Structures are given as C-alpha cells and as structure tokens.
Amino acid sequence: MIAATVGGVPVSVDEVDARESALRDGPLAGALPARGTSEGRQLRRWLTQLIVTERVVAAEADALGLTAAHAPTEAEVLPDMSARLEIGSIAAAALRDPTARALFVYVTAAVEVSDEEVADYHARNPMRFAVAPRDGDGWRTSALVAPPLAQVRPAITEHLRGAARRRAFRVWLDERRAALVQLAPGYEHPGDPRQPDNTHRH
C-alpha cells in the first residue's frame, strides 16, 4: 500500500503507520485524536506531508551536495512562535533537521530587504524595537519615545530579512513538492478542500 510517491519513489503506508505509532507511544499521546476519527485521519495526512517534505528536502540537499556542516541552529532560522506560524507546521517540523536548515540557507541566500522597506516598517511600527528604560528600582518601564531609525535599523533589517527568507523558503518548498509529490487517495493534504475530512467546525 502506497501513501505517496516522491520523485517516483514510494512512501509506504507502513511508514506512515510507524510514524503515527511513534507519536502515540510518546509523551504527547494524550493530546492526539483517536484512531479512525476524522481528526485521526487528518493527523495521518499531516504525517504524510511531513514524510514527503523530509524526502523532498533530503533529495534537494543531496542534489546540491549540501550537508549539515555549518548549518544554522533551529533558533536562528525559527526564533519564535510567530516564525513557526509564518513558515507553517510542516516546514517548521522539517527544519528540525540541520541538513534542511543548510538547504534553507542555500535557497534563501539572495534574499535581502531594501532600505525603503526598513524605513517604511519603522514608520508604521515606530515603537517595535524601542528599549524600555529601567526605573530607579531596576524595573523596566514603558518606552515613551520612538528610537530613531538609525538606532534600530539593524534590528529591523534582521527582522524583515528573516521573515522574507522564511516566506521564500516556504514558496520554494511548495513548488518542489508540487513538482515531485503525488499523494494517494486518503493521504491528501489536510487542507485540501476536496477531501472529506477537511470540514470547518465551531
């Protein structure tokens, strides 16, 4: 039984089963949906997406001769929860692998932000990188004056460059998956509106 293929190479249902079993035997087991339910099937679709993404990343890194050597840390690529939400749960999970992070660096190496983008961001968010001063007792108080652009330019540049690189990697990864991955019925993307378990409930 085949759940998907990546570049013509099959991903077996057994592999999805094994990944699910590992989760259900782990510390998060109590938070997982029951097997056989709509949510349980969605979990299997998510795991399938993770497996095929890992295969795409491994194949692309291998083709480029990339290794885990000199890869940035996970915290450098995904510094906070906002960054993880930006890039998506599948890509964020795949980026736990240092070889995937080396690929991230390669794919996003040319991504930069302009001086105009930095200035525009500061104009719209003047207090975003203001440092709260300390009062006489050492407590931080609210910053009342926006710092000049020259003072916060490096922080804004790094913030915008990080977001732009995550966006570029997500787009690139989506394109490579579209080119290489075929999903079997029942293993569609969890967000595919054509599959029966993708229903919006309140």
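To keep things clear, this report deals only with the structure shown in the data block. (Residues numbered from 1 in each chain as written. Predicted model: local features only at pLDDT ≥ 70, side-chain atom pairs only at ≥ 80, totals over all residues. Heavy atoms only, no water.)

Quick look at the sheet that holds strand β2 (residues 9-12) now. Strand order in the open sheet formed by three strands is β2-β1-β3, and the pairing between neighbours is antiparallel. Sheet topology places β2 and β3 (181-183) at the edges, where each strand pairs with a single neighbour. Each strand axis lies, on average, 25° off the axis of its neighbour in the sheet, ignoring direction. Across three bridges, strand β1 (residues 2-6) lies against β3 in antiparallel orientation. Considered in β3, the bridge of A4 is made with L183. In this fold helix α1 (residues 13-24) packs onto β1 and β2, with an angle of close to 45° to the strand it touches most, β2. (Pairing = 2+ DSSP bridges. Helix = DSSP H or I, 4+ residues; strand = E, 2+ residues; numbered from the N terminus. Axes fitted to C-alpha atoms, helices over the stretch in contact; angles between N-to-C directions. Contact = heavy atoms within 4.5 Å.)

Overall, the coordinates contain 19 salt bridges when judged by the stated rule. When the shortest N-O distance is used, the salt bridge between E86 and R166 registers 2.7 Å. Here E86, found in helix α4 (residues 81-87), pairs with R166, found in helix α8 (residues 149-180); they are 80 residues apart in sequence, far enough to count as distant. Taking relative accessible area as the criterion, E86 reaches 34% and is therefore assigned partly exposed. With a closest N to O distance of 2.9 Å, R124 and D120 form a salt bridge. In this pair, R124 and D120 are both assigned in helix α7 (residues 115-124), four residues apart and thus about one turn of the helix distant. (Salt bridge = Lys/Arg side-chain N within 4 Å of Asp/Glu carboxyl O. Buried < 20%, exposed > 50% of the residue type's maximum accessible area, 1.4 Å probe, protein only.)

Turning to the environment of I90, a few remarks are in order. Take I90: it is sitting in helix α5 (residues 89-94). Here I90 falls in the buried class, since its relative accessible area comes to 11%. Setting aside anything within four residues of it in sequence, one finds I90 in contact with W46, Q49, L50, T53 and R177.

Right, let's get into the packing of aromatic side chains. Tallied over the full model, the rule gives two aromatic pairs. Where F104 meets F169, the ring centres are 5.2 Å apart and the plane angle is 55°; that geometry is what we call tilted. Remark: F169 occurs in helix α8 and F104 occurs in helix α6 (residues 98-108); sequence separation between them is 65 residues. Taken as a pair, F104 and F169 share a single burial class, namely buried. What links up through ring pairs into an aromatic cluster is the set F104, F169 and W172. Seen from the ring of F129, R128 lies directly overhead, with NZ or CZ sitting 4.5 Å from the centre. (Phe/Tyr/Trp six-rings, centres within 6.5 Å; stacked < 30°, edge-to-face > 60°. Lys NZ or Arg CZ within 6 Å of the ring centre and 35° of its normal.)

The subject of this paragraph is α7. For α7, the complete set of buried residues consists of V118, Y121 and H122. Buried positions in α7, seen along its axis, are confined to an arc of 100° and lie on one side of it. Across from the buried face of α7, at angles greater than 90 degrees, the exposed residues are E116, A123 and R124. On its buried face, α7 is in contact with α8. (Arc of directions from axis to C-beta.)

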